[in-house]
Amino acid sequence: MDRSVAQGPSEGPEPGPDGDPSPAGLPERSNDSRLLSVAIGLVLVVIALVVYAQTKPFRYYDHFEWQAEAFLEGQTAIRYPVEASTDSPGNAFFNDVRQVPSNDGVPRGDIPFPPLPAILLLPFVAAWGHDADGQFIFSMVGAIDVGIAWWVLGALPIRQWVRVAATVFVAFGTVLWYAAQIGTTWYQAHVLAVGLALLAIGIALRADRAAAAELDEPDEPDELDEPPGKVVAPRWRLVPAVRAWLADLGIDRRQFLVGLLFGLACTSRLTVLFAAPFFVLVGGGGTWVRRGFSAGLGAAIPVGALLLYNLASTGHLIHPGYQFLYEQEAGFYTALGYNPTWGIEDPRYLPHNLGIMLFSTPAIEPNIYPAGLGGGEALCVDPAAVRGLFDRDCPIALPLDTGMSLILTSPPYLFALPTLRRLRRSRLIAGAALAVLIVAFVNAMHFSQGWVQFGYRFSLDFVPWALLLVAIGMERLRTSAGVAIAIGLVVVSIAVNWWGVVWGNVLGW
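About the cut-offs
- Here the residue numbering is sequential within each chain, running from 1 through the sequence in written order.
- Given that this is a predicted model, residues contribute local features only at a pLDDT of at least 70 and side-chain atom pairs are listed and counted only at 80 or more, while totals for whole chains, interfaces and linings are drawn from all residues.
- Note: side-chain values were computed over all heavy atoms of the structure, leaving out hydrogens and water.
- Comment: elements are numbered from the N terminus, with helices defined as DSSP H or I runs of at least four residues and strands as E runs of at least two.
- Exposed residues in this analysis have more than 50% of their type's maximum accessible area, buried residues have under 20%, and partly exposed residues fall in between, with area computed by a 1.4 Å probe over protein chains only.
- Any two residues whose heavy atoms approach within 4.5 Å are treated as being in contact.
- Note that accessible areas follow from Shrake-Rupley with a 1.4 Å probe, and for residues the cover is restricted to the protein chains shown.
- Pairing between strands is defined by DSSP: at least two bridges between them are needed.
- The convention used is that axes are lines fitted to C-alpha atoms, helices contributing only their stretch in contact, and that angles between N-to-C directions extend from 0 to 180 degrees.
- To sort the angles, those under 35 degrees are grouped as roughly parallel, those over 145 as roughly antiparallel, those from 65 to 115 as roughly perpendicular, and the leftovers as oblique.
- The crossing is said to be left-handed when, going from far helix to near helix, the turn is anticlockwise and less than a right angle, and right-handed when the turn is clockwise.
- Here, the term nonpolar core denotes a set of buried Ala, Val, Leu, Ile, Met, Phe, Trp, Tyr and Cys residues that are joined through side-chain atoms within 4.5 Å.
- Any Lys or Arg side-chain nitrogen found within 4 Å of a carboxyl oxygen on Asp or Glu counts as a salt bridge.
- Think of a 1 Å grid over the protein atoms and nothing else: a 1.4 Å probe that fits but is trapped marks a cavity, an open set flanked by protein within 12 Å on at least five of seven lines marks a pocket, and residues with an atom within 4 Å of a point count as lining.
- Grid points are joined across faces, edges and corners, and a volume is the space filled by probe spheres set on the points.
- Cysteine sulfur atoms are paired as a disulfide whenever they fall within 2.5 Å.
- A pair of Phe, Tyr and Trp rings is counted when the ring centres sit within 6.5 Å of each other, with Trp represented by its six-membered ring. The angle between the planes then sorts it: under 30 degrees is stacked, over 60 is edge-to-face, the rest tilted.
- Placement of a positive charge over a ring is assigned whenever Lys NZ or Arg CZ falls within 6 Å of the ring centre and within 35 degrees of the normal to the ring plane.
- Patch membership requires more than 30% relative accessible area and the absence of a salt bridge. Residues of like charge join within 9 Å; the nonpolar side chains Val, Leu, Ile, Met, Phe, Trp and Tyr join within 5 Å.
- Here a polar contact means two N or O atoms within 3.5 Å. Within protein one must be a hydrogen donor candidate and the other an acceptor candidate, and residues neighboring in sequence count only if both atoms are side-chain atoms.
- A helix is expected to reach a length of 1.5 Å times the quantity of its residues less one.
- Arc definition: directions from the helix axis to the C-beta atoms.

Novice: Tell me about the overall build of the protein, residues and numbers included.
Specialist: Per the secondary structure count, the protein includes 18 helices and 5 strands. Evaluated residue by residue, the protein yields a buried proportion of 55% over its 509 residues. Counting contacts in the protein only where the partners sit at least 6 residues apart, residues at least 24 apart contribute 76% of the total. Only carbon and sulfur atoms are counted for the fraction: they give 67% of the accessible area of the protein, which is about 20,800 Å².

Here it is in structure tokens:
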């Protein structure tokens with residue numbers, strides 16, 4: 001039985017990424033095909049950067065730049081409140097800050113968000129201070145995410161058109177576009193986590209495939225059971241002492257790296273942690289125990305560092321700023337359905353948030369601005385007004401700042417559903433489906449649904465795994481009509497997300 005997850009769910013040997021049948025799911029590529037693949041990936045990255053940068057608005061929400069400045073000052077708490085001046089918009093208007101005692105005579109406050117985006121910004125803030133353009137920097141990170149997605153999909157036995165379509169979809173047909181172009185605090189965390197999670201997935205897929213190849217398993221691509229516990233000899237190098245230490249512990253070095261990258265993603269977006277079952281089922285190591293242990297040990301380093309950071313900066317393993325912000329927002333934003341008597345994570349929020357995630361629609365020909373930002377504001381007050389596509393005062397349709405259905409904003413997600421029929425026979429599909437389901441469930445229990453946003457930004461916490469399911473679902477399309485539908489839905493998703501990006505800028509979100 002072929003235990004390589006790279007096989008996918010096909011009924012027979014699948015074509016490799018370049019369209020040729022590949023025994024054991026290991027595509028044999030010529031140098032020319034590798035160069036072509038690199039060239040396509042670079043073109044997609046450049047296109048993404050141009051689009052993200054050209055649609056970028058200017059926004060003041062730059063908590064992580066202030067956090068980076070605090071780190072450079074030897075502090076964990078940012079200068080706060082800082083009133084606006086001719087040189088800076090200040091940060092006194094920030095809501096997501098908890099004022100704390102100062103040890104240097106400067107008023108300070110802490111922010112609860114994991115600090116990895118601030119660490120990324122450190123050299124830029126050191127060079128340019130608040131003139132560092134964090135929005136553009138994270139537009140670049142978003143474009144790099146697109147290139148990583150292209151690379152990840154190259155580990156699957158899918159045809160070239162599927163690889164291109166799936167990459168274009170994640171770049172412009174999901175809320176990654178909105179997140180990468182707006183590049184404010186919350187979106188910076190999402191964009192960085194997406195790239196790190198994709199890196200972890202790509203290495204895990206290749207490590208799993210290498211393990212199967214070294215075990216010389218026969219080609220039965222439907223069966224993705226557990227291989228025998230043979231030790232796999234990874235090919236990448238570490239310091240000899242570290243390599244020996246890992247080998248003595250029975251750790252797969254590729255999977256350890258996978259866990260390290262995954263743990264870093266969690267230190268950008270905490271809820272990504274709940275995708276961990278994927279790396280128990282997929283990756284190097286030979287058995288689920290060794291895969292999980294190796295990845296878990298790698299992930300424990302950055303996650304443990306985050307807990308120690310919280311403990312050192314606040315005296316708590318879990319940052320108390322979350323509870324503070326919940327109490328603040330639950331009292332202020334009653335129109336959003338928050339209930340201060342419930343917990344930050346509470347199953348009673350599930351119906352409301354799942355409703356937004358799956359079923360929320362735009363306001364069609366509204367006469368009153370929907371609840372949320374500006375709720376109750378009259379629209380189209382002039383009886384002679386003609387509604388416009390992007391007319392702020394009299395629109396044809398308005399996106400809701402509380403969020404919109406994933407099915408409406410990114411309809412190619414529907415291609416993930418048919419793959420679930422292979423759930424019990426494919427570790428790849430089972431792991432990706434578990435990651436999507438658990439992360440989405442935990443997010444839907446959160447008191448906030450991601451407001452203010454276009455679409456459903458929390459979907460970025462599971463989009464790296466959903467992308468695998470979408471690509472596999474597209475690969476199973478064998479008729480010209482099916483291919484046309486797939487391409488059509490990708491085009492529709494791009495149009496909808498363009499509409500959302502424009503509206504977000506018009507409305508000043």
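Once you've had a look at it, read on.
Novice: Hey, could you go over the sheet that holds strand β3 (residues 108–110) for me, with residue numbers and the actual values?
Specialist: Ordered in space as β1-β3-β2, the 3 strands form an open sheet in which the pairing is antiparallel. If you trace the sheet from one side to the other, it starts and ends with β1 (78–79) and β2 (98–100), each paired once. Note that β2 and β3 share 3 bridges and pair antiparallel. Its bridge partner being in β3, Val-100 is matched across the sheet by Arg-108.

Novice: Describe the packing of helix α16 (residues 427–444) against helix α17 (residues 463–475), and please don't skip the residues or the numbers.
Specialist: Running from N to C, α16 and α17 point in directions that differ by 135°, and their axes come no closer than 8 Å. Between α16 and α17, the interaxial angle falls into the category oblique. Judged by the twist between their axes, the crossing of α16 over α17 is left-handed. Where α16 abuts α17, its residues Leu-428, Ile-429, Ala-432, Ala-433, Ala-435 and Val-436 lie against Trp-465, Ala-466, Leu-468, Leu-469 and Ile-472.

Novice: Break down the nonpolar core for me, citing the residues and quoting the values.
Specialist: Phe-278, Phe-279 and Trp-465 are the most contacted members of the largest nonpolar core, which has 120 residues in total. A per-element tally of this core places helix α7 (residues 185–214) first, with 14 residues. Ranked by size, the runner-up nonpolar core spans 8 residues in total, among them Ala-330, Leu-336, Tyr-338 and Tyr-349.

Novice: With reference to specific residues and values, describe the pattern of salt bridges.
Specialist: Inspection of every chain in the model, using the stated rule, returns 11 salt bridges. Note that Arg-108 is salt-bridged to Asp-104, the shortest N-O span being 2.8 Å. Exposure remark for Arg-108: the relative accessible area of 2% places this residue in the buried category. For Asp-104, a relative accessible area of 34% puts it in the partly exposed group. The residue Asp-461 makes a salt bridge to Arg-269 at a minimum N-O spacing of 2.7 Å. Pair noted here: Asp-461 is in the loop between α16 and α17 and Arg-269 is in the loop between α9 (253–266) and α10 (277–281), with a separation of 192 residues, a long-range link. Arg-269 matches Asp-461 in its accessibility class, with the two residues each being buried.

Novice: Describe in detail the layout of surface pockets, supporting the description with residues and values.
Specialist: Any space left empty among the atoms is revealed by the rolling of a water-sized probe across them. Space inside the largest pocket adds up to approximately 1,300 Å³. Asp-96, Phe-113, Trp-186, His-446 and Arg-457 are the residues nearest the centre of the largest pocket, which is lined by 48 residues in total. Every element with two or more residues in the lining of the largest pocket is listed here: α6 (176–182), α7, α11 (288–314), α12 (321–332) and α16.

Novice: Outline the state of the cysteines, listing residues and values.
Specialist: According to the stated counting rule, one finds 1 disulfide in the structure shown. Each sulfur of the disulfide joining Cys-380 and Cys-394 lies 2.1 Å from the other. An S-S torsion of about 110° defines the bridge between Cys-380 and Cys-394 as right-handed. Here the residue Cys-380 occupies a position in the loop between β4 (363–364) and β5 (397–398), and Cys-394 occupies one in the loop between β4 and β5, the gap between them amounting to 14 residues.

Novice: Give a detailed account of the packing of aromatic side chains, specifying residues and quantitative values.
Specialist: Counted under the stated rule, the structure contains 27 aromatic pairs. With 5.4 Å between their ring centres and 90° between their planes, Phe-390 and Trp-498 make a pair best called edge-to-face. Within this pair, whereas Phe-390 is found in the loop between β4 and β5, its partner Trp-498 is found in helix α18 (residues 480–507), the two being separated by 108 residues in sequence. Its relative accessible area of 40% is what places Trp-498 among the partly exposed residues. Every member of this aromatic cluster is reached through a ring pair, and the members are Phe-58, Tyr-60, Tyr-61, Phe-64, Phe-93, Phe-94, Phe-113 and Trp-186. A cation over a ring is seen here: Arg-457 above Tyr-187, with NZ or CZ 5.8 Å from the ring centre.

Novice: Report on the environment of Gln-255, specifying residues and quantitative values.
Specialist: By secondary structure assignment, the location of Gln-255 is in helix α9. Excluding residues within four positions of it along the chain, Gln-255 makes contact with Ala-204, Phe-279, Val-282, Gly-283, Gly-284, Arg-291, Ser-294 and Ala-295.

Novice: Please give an account of a nonpolar patch on the surface that cites residues and values.
Specialist: Together, Leu-354, Leu-358, Phe-359, Ile-407, Leu-414, Leu-417, Leu-420 and Leu-423 make up a nonpolar patch on the protein surface, roughly 680 Å² of accessible area in all. Relative to the elements of secondary structure, Leu-414 occurs in the loop between α14 (406–409) and α15 (416–419).

Novice: Any details on the side chain of Gln-135? Residues and values, ideally.
Specialist: With respect to the helices and strands, Gln-135 occurs in helix α4 (residues 134–153). Owing to a relative accessible area of 5%, Gln-135 belongs among the buried residues under this scheme. One polar contact links the side chain of Gln-135 to the main-chain carbonyl oxygen of Ile-182, over a distance of 2.7 Å. Residues within four places of Gln-135 in sequence aside, it is in contact with Lys-56, Pro-57, Phe-58, Arg-59, Ala-180, Gln-181, Ile-182, Gly-183 and Gln-188.

Novice: Describe α12, and please don't skip the residues or the numbers.
Specialist: For α12, built from 12 residues, the straight-helix expectation of 16 Å at 1.5 Å per residue is met to within 8% by its first-to-last C-alpha distance of 16 Å. Every buried residue of α12 is accounted for by Gly-321, Leu-325, Tyr-326, Glu-329 and Ala-330. Seen along its axis, α12 keeps its buried residues to an arc of 155°; they face one direction. At its buried positions, α12 is contacted by β2.

Novice: I'd like to hear about helix α2 (residues 63–72), residue by residue, with values.
Specialist: Across the 10 residues of α2, 8 count as buried, placing the element largely inside the fold. For α2, the full list of buried residues reads His-63, Phe-64, Glu-65, Trp-66, Gln-67, Ala-68, Glu-69 and Ala-70. Note on α2: the residue one or two positions beyond its end, Gly-74, has a positive phi of about 80°.

Novice: Got a sec to walk through the environment of Leu-350? Specific residues and values, please.
Specialist: Tracing the backbone through its elements, the reader meets Leu-350 in helix α13 (residues 350–359). A C-alpha to C-alpha distance of 9.0 Å links Leu-350 and Phe-447, two positions 97 residues apart in sequence. Beyond its immediate stretch of four places on either side in the chain, Leu-350 contacts Gly-355, Phe-441, Ala-444 and Met-445.

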